[in-house]
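Residues per chain, in single letters:
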Amino acid sequence: MEIRSTGIAGLDEILGGGIIPPSSILIAGTAGTGRTTLGIQSLCAAAKQGESVIYIPITYKSSEAVREKLSRFVFFEESIEIHALDRGVAERDPLSLLVDISNLAAKFKPDRVLIDTITPLGYSFPVAEQRRFTYSLTTAIAEWNAIVYMTATMLREEIHRHVISDLVDGIIYLWQEASRFKTKRHIEILKTSGLQYLEGEHMFEITVNGVTVYPMFKPAVMPFAGKLGRIKTSIHDFDNMLGGGIFERSSTLIGGSAGTGKTTFGLHFIVEGALNGEPGVIVSFEETPDELIQYAANFGWDLRELEQKDLIRIIYAAPSEIYPNKHTLEIKNIIDQIGAKRIVVDGITEFDCAFENPVEMREHILTLIRLFKNKGLTSILTSETTDITGDIRISDIAVSFIMDTVILLRHVEINSQMKKAFLVLKMRGSDHDKSLREYEITSQGIKLGRSFTEYTGILTGSAKQKTELAYEPYLAGFNVEMRSVMEVLIDKKETTVVELVELTRFDETKLREILSKLIGLGFVISSTIDGVEHYRVVLTTNGVQG
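The sections below set out a description of the structure shown in this document. In this text the structure is predicted, and so the values were computed from the model without any measurement. (Residues numbered from 1 in each chain as written. Predicted model: local features only at pLDDT ≥ 70, side-chain atom pairs only at ≥ 80, totals over all residues. Heavy atoms only, no water.)

Looking at the sheet that holds strand 16 (residues 342-346)
Point 1. Read across the sheet, nine strands follow the order 15-14-16-17-13-18-19-20-21 without closing on themselves; strand pairing throughout is mixed. Single-partner strands in this sheet number two, and they are strand 15 (312-316) and strand 21 (445-451). Pairs of neighbouring strands in the sheet enclose a mean axial angle of 25°, with direction left out of account.
Point 2. Note: strand 14 (residues 280-284) against strand 15, five bridges, orientation parallel. Considered in strand 15, the bridge of glycine 280 is made with isoleucine 312.
Point 3. Across the face of the sheet, helix 10 (residues 262-275) comes into contact with strand 13 (251-256), strand 14, strand 15, strand 16, strand 17 (378-384), strand 18 (405-414), strand 19 (417-427), strand 20 (437-442) and strand 21 while running at roughly 165° to strand 16.
Point 4. Packing against the sheet, helix 13 (residues 324-338) makes contact with strand 14, strand 15 and strand 16, and its axis sits at approximately 170° to strand 15. (Pairing = 2+ DSSP bridges. Helix = DSSP H or I, 4+ residues; strand = E, 2+ residues; numbered from the N terminus. Axes fitted to C-alpha atoms, helices over the stretch in contact; angles between N-to-C directions. Contact = heavy atoms within 4.5 Å.)

Right under this line is the structure:
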């Protein structure tokens, strides 16, 4: 069975390999969707391969004017035959126009033909006569023994109501939609004969180079029966918390607000692999390659040198310009080119610009993870949350349930200082350190510190020393004023009236009244040091001190 290429990148793939000659293919869609460009590009590609091709535009323009317009395309091939037919005749007397088309086919004996467009043919006819004319047209086409493209201005629902949908061998439908940031172009195969085509909506774009189709990527689930090892990140204490490192072929989500060091964690992971002969890919949506190289240099990492050695590749795409299928194909090709073993997708929240539907966004991220696993890659994906402190949230996108390992990075205020907290929330298939650790971003990268053993409420953003909680039972019966003074005394251990006035904002008379009550109840004692009156709390976790 002979299969001929359309000559358009990606289109053969979704058609199941190409087109079986002879065939009649309807290219339908609304105005401006690229029907003519698709058909002309395929004709030009065929002509370059030695096929005899004819372009038959049904228009008010001359053949020379049509050729002049098409010659602006990079792909245009001068050897194609262009024979424009009058649109007015097509509407009034399509049967005579059909004779003209048949005569052209008889004269040139083409391998491939484009009739652009069939919509006005028999436009003034009653429905029954339009159907009879369509039968005549397709019967004539069948005698040419060629691949015949016909464009039509139709919506999807109009295609199925038109008799031509039953008579052609294949139907390609094009449409476009305006999103918040760009116009998205879609292509779908509604019908084809003899080949197993890829179902669903695929994406395409049109440039001066013509049409490029980006098939929807649907990776199969590939089972893995081997034993998974662990790989290092170069953050020694972090690797120890995970029991020796991240599992190979696993996916890790690192979530946190701006400034928590998500990108730095990713760089640690990629650079460590590159320095040990494991090529890595960084997918960035915010920093350009030059910006990322400069940022990494602050920590002593030379990404440019690693790039030159093909140990690192940086893929950058502005969020508003992302075409998901195209972006996935680019990532896949780079993975194959350098034999990547590690990958970081820095900022999956930026996919919000590419998808209107959050469900589609999650499915796309799941597709990426499945691609990485199938290719044997270990992946880290970062996600930014909008909350700096407060509500606990790992990501603004609900994807944590599909990840193997989930790590939370957190800003927390302690003693009027902003610190950073690190926690491994889950690790599938392995035990891990469950403590909440402090960390810093230093000139050498991430440095993990000690656990927050002296505080509680870290993840809520309202950290408290555990000693404060020990006093809580004794404060239960206090009114708001007494409690306010006690909380300051517990925090300061010992202080003066002047400082208490400043911290509680009570006037001195009111403050001394409260202190008198607390002293009378045995919770506070006073003393004089260098002529200055001092107050201190006498509660301990075991009760009252004498």
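A few points about the sheet that holds strand 26 (residues 532-537)
Point 1. Spatially, three strands are ordered 24-26-25 in an open sheet, and the strand pairing comes out antiparallel. Strands with a single pairing partner mark the edges of an open sheet, and in this sheet they are strand 24 (494-496) and strand 25 (524-529). Going from strand to strand, the sheet's axes swing by 35° on average, the running direction of each strand aside.
Point 2. Looking at chain direction, strand 25 and strand 26 are connected through six bridges and run antiparallel. Note on strand 26: the bridge partner recorded for serine 527 is histidine 534.
Point 3. Against the sheet, helix 18 (residues 497-504) contacts strand 24 and strand 26, and its axis sits at roughly 90° relative to strand 24.

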